[in-house]
Amino acid sequence: MTVNRRNLLIGGASALALAGVSALGYMGVRPSRKQAPGVSRAEKVNASNTNPSEVDVAIIGGGIVGIMAAMYLKQKGQNVVVLEKGVVAGEQSSRAFGWVSSLGDEARRLGLAAPSGAVWRGINEKLGVDTTYRQNGLMYECKDDASIAFWEQWAKDHPEQGGDSVQILRGDALAARLPGGVADSWHAAVLQPLDGSVEPPAGLPRITNALIAQGLHVVEGCAVRGIETAAGAVSAVVTEMGTIKCKSVVVAGGAWARLFMQNLGIDMPLLRVYSYMMRLPEFANAPLGSGWGAGTPWRKEVGGTYSVGLPANIAPMLLDNLKFAPTFYESLKQNWSKFELDPTREFYESLFAQTSWRNDQVSPFEHERILAPDPKYVETKDALHKFQAAFPQAKVAPIDQWGGVIDITPDNAPIIEKVAQIPGLVFAAGMSGHGLSMAPAAGELIAQLVLNETQTIVDPKDYSSARF
Ligand SMILES: Cc1cc2nc3c(=O)[nH]c(=O)nc-3n(C[C@H](O)[C@H](O)[C@H](O)COP(=O)(O)OP(=O)(O)OC[C@H]3O[C@@H](n4cnc5c(N)ncnc54)[C@H](O)[C@@H]3O)c2cc1C
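Residues numbered from 1 in each chain as written. Predicted model: local features only at pLDDT ≥ 70, side-chain atom pairs only at ≥ 80, totals over all residues.

Trainee: I'd love a proper account of the overall build of the protein, names of residues and values included.
Mentor: In terms of regular secondary structure, the protein is built from 15 helices and 21 strands. For a compact globule of 468 residues, the expected C-alpha radius of gyration is about 23 Å, and the protein comes in at 22 Å, within 12% of that figure. Along the longest, intermediate and shortest principal axes, the C-alpha atoms of the protein span 65 × 55 × 40 Å. Within the span of the protein, comprising 468 residues, buried residues form 51% of the whole. A separation of at least 24 residues holds for 78% of the contacts in the protein among residues at least 6 apart in sequence. (Helix = DSSP H or I, 4+ residues; strand = E, 2+ residues; numbered from the N terminus. Rg over C-alpha atoms; globule rule 2.2 N^0.38 Å. Buried ≥ 20, exposed ≤ 12 C-beta atoms within 10 Å, placed from the backbone. Contact = placed C-beta atoms within 7 Å.)

So this is what it looks like as C-alpha cells:
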C-alpha cells in the first residue's frame, strides 16, 4: 500500500500531538456514539448456537459478503459454517440505505456490481422467498448539459455493464418519476432502470433463512478469535466456543476485518467512516424508486415509507483515521466523506485499543457484539431540510433514525484476495459503502479463490491489496 514513511510520520506525529492536546479535554468530551450493547435492526435468523467440529470452509462474519460467499461455496459442494459474533446482519448489512446499484461506478466496483445486479434481479425466484429486493430504478439529477454529457459518456464506456439501459429523462418522462414535482424544476435526470433496492433489515436475514433451510450452518454469538496453522497453512479457526478444524477461512468481518488481520500481523488499509439514515412515514406523491438530487439521496421503501440519507459520510476522529488521513484523502473525497474534528470518547478508546491477543484470551470481538452508532442528529436534520426543500410534499417528521459504520479502502473498491502469507486464508472486506450492490459477485469470487479455480468472475489482481 502507498502508506509511505513520510505520510506515516506526518500522520503519526499529528495523531500524537492531537492525542496529547485533546487528552486535556477528555473530561468534557462528547460521549461515544456507539450503543452499548448495540441493538440489532435485523429480522431474526434461525441460526444455530453450536459449532461443528470440522468443516471445509469457515467464514468469519454473517454480513451480506460472508453469506453470499457461503451460498456459492455450498453450491460447489463445500461443507461451510458461517460464524457471527453477534447476529446475522446486525452491523452494516441491516443498517445500509438499501440501494442495489451500479450506475456511475468506476471499473473495479462496476466489475462486481454489474453481475451482482443480475443475481439480485433473480434472487426472489432463485431462493423462493420475498427478500424485499425490487428492481425500481436509480436516478440522479442532472443540473446542466455537462452533467448529461458525463452520463452519456459513462453509458457509452460500459455498454455491456448496464450502459445500454441508461436513459436521460426530461419533460414528461422525468415528471413521471417525480409525481409531486420538485420545488426547483430540474434540468434533466439520468435513470438506470436495471438498478434496484432491498430493505436491509429484512433482505439478508431472509436470504440467510432460505440458505439455512437448504442446510447452511450459521452460528450466532460466536466470535472468532484467530486461526491455527499447520506447516504454515490454515488448519482451524479458534472461536470463543472452541476450535473448528478447516482447510480454509474467509475473513468477511466488515468493519472488524482490519483488526482481525492486525492480530495476525497483517496490515490491511481499511478505515471506518460513519453514515446516518432516517425513515419518514408514507407521504403522498413521493418520488419513485431511489435517487439523488437537491443534495440528498432518497429511497422509496417497499411498504411505502421513505428513507433519506446523508449527502456525506463522516470520518470520525480515530487513531487509524488520523494516521492514514493522507493515504485516504482522495478516497474520503470521492466517498463524499468529511473529517470530524471534535473527538468523541471513541477517539480516546482508539488510542488504547487492543490490537493483539492470544487465541485463549477474550478478543475485542466479544466486547462489542453489534457495532451500532447512534445518528448525529444535526447531520440528519440538515439532510432532511434539504430533502424537504426539494420535495415540500415530504413535510413529515422522521419515524426512525439510525447509524452504521462503513469500512472503506483508499480507492473505494474492495479488497478480495488469497492472503499470500497464510495459504488457505481469503480476505474480503472494504466494500466501501457498496457491499449490498457487489456482494453476490464478491461471494462468487471468494468461492473461486477458496477453491483455487483458474476461471474467475473478475480478474482477482484488480481486487488484491497489492494495488495499494
Ligand atoms: C448507513 C449505511 C448505508 C449504506 N448504504 C448502502 C447502499 O445503499 N448500497 C450498498 O450497496 N451498500 C450500502 N452500504 C454498505 C453496505 O451495507 C456494506 O458494504 C455491506 O453491508 C458490507 O457487508 P459485510 O458483510 O462486508 O459487512 P457487515 O454487514 O458489517 O458484516 C460483517 C459481520 O462480521 C461480523 N464479525 C466481524 N468480526 C468477527 C469475528 N471476529 N468473529 C465473528 N464475527 C465477526 C460482524 O459482527 C458483522 O456482523 C451502507 C452502509 C451503511 C452503514
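Let's pick the thread back up.
Trainee: Let's hear about the site of the ligand: which residues, and what values?
Mentor: The immediate surroundings of the ligand are formed by 40 residues, with Gly61, Gly63, Gly254, Gly404 and Gly435 found nearest. Of all the secondary-structure elements, those providing two or more residues to the shell around the ligand are helix H2 (64-75), helix H3 (92-95), strand S13 (271-280), strand S19 (400-408) and helix H15 (435-450). (Near = placed C-beta within 6 Å.)

Trainee: Give me the lowdown on the domain arrangement of the protein, citing residues and values where you can.
Mentor: How big an interface is tends to be stated in terms of the accessible area lost upon association of its parts. Here the domain parsing of the protein yields domain 1 (5-137 + 194-467) and domain 2 (138-193). Between domain 1 and domain 2, the residue contacts involve 27 residues of the former and 19 residues of the latter. Breaking the side of domain 1 that touches domain 2 down by element, the ones donating at least two residues are helix H4 (107-121), strand S14 (290-293) and helix H14 (377-390). In terms of residue count, the dominant contributor to the side of domain 1 that touches domain 2 is S14 (four residues). Counted by class, the side of domain 1 that touches domain 2 contains 15 nonpolar, 11 polar and one charged residues. (Domains from an automatic or database assignment. Nonpolar A, V, L, I, M, F, W, Y, C, P; charged D, E, K, R; others polar.)

Trainee: Explain the pairing of S13 to me, using residue names and the numbers behind them.
Mentor: Of all the 10 residues making up S13, nine are buried; the element is thus mostly covered by neighbouring parts of the structure. Looking at chain direction, S13 and strand S16 (residues 306-309) are connected through four bridges and run antiparallel. The residue of S16 that forms the bridge with Met278 is Val308. (Pairing = 2+ DSSP bridges.)

Trainee: Let's hear about the sheet that holds strand S12 (residues 248-251): which residues, and what values?
Mentor: Spatial strand order, S8-S2-S1-S12-S21-S20: six strands in an open sheet with mixed pairing. At either margin of the open sheet sits one strand with a lone partner, and together these are strand S8 (217-219) and strand S20 (415-418). Strand-to-strand twist of the sheet, defined as the mean angle between neighbouring strand axes without regard to direction, takes the value 15°. Contacting strand S1 (57-60), strand S2 (80-83), S12 and strand S21 (425-429), H2 crosses the sheet at an angle of about 175° to S2. (Axes fitted to C-alpha atoms, helices over the stretch in contact; angles between N-to-C directions.)

Trainee: I'd like a description of H2, backed by residues and values.
Mentor: Over its 12 residues, H2 runs 17 Å from end to end, which matches the ideal 16 Å to within 8%, given 1.5 Å per residue. Taken together, the buried positions of H2 are occupied by Ile64, Val65, Gly66, Ile67, Met68, Ala69, Ala70, Met71, Tyr72 and Leu73. Directly after H2, the chain includes Gly77, whose backbone phi takes a positive value near 85°. (Expected span 1.5 Å × (residues − 1).)

Trainee: Account for the sheet that holds strand S11 (residues 242-245), with residues named and values stated.
Mentor: Across the sheet, which stays open at both edges, the three strands sit in the order S9-S10-S11 with antiparallel pairing between neighbours. The open sheet terminates on both sides in strands that have one partner only, identified here as strand S9 (224-230) and S11. For this sheet, the mean angle separating the axes of adjacent strands, direction not counted, is 30°. With four bridges connecting them, strand S10 (residues 233-239) and S11 associate as antiparallel partners. Pairing of Thr239 across the sheet is with Gly242, part of S11.

Trainee: Explain H14 residue by residue, including any values.
Mentor: Taking 1.5 Å as the rise per residue, H14 with 14 residues should run 20 Å; its terminal C-alpha atoms sit 20 Å apart, in good agreement. Among all positions of H14, only Glu379, Thr380, Ala383, Leu384, Phe387 and Ala390 are buried. Seen from one end, H14 has its buried residues packed into an arc of 135°, which puts them on one side. Among the exposed residues of H14, those oriented more than 90 degrees off its buried face are Val378 and His385. Buried residues along H14 sit in contact with S13, S14, strand S15 (296-300), S16, strand S17 (313-315) and S19. (Arc of directions from axis to C-beta.)

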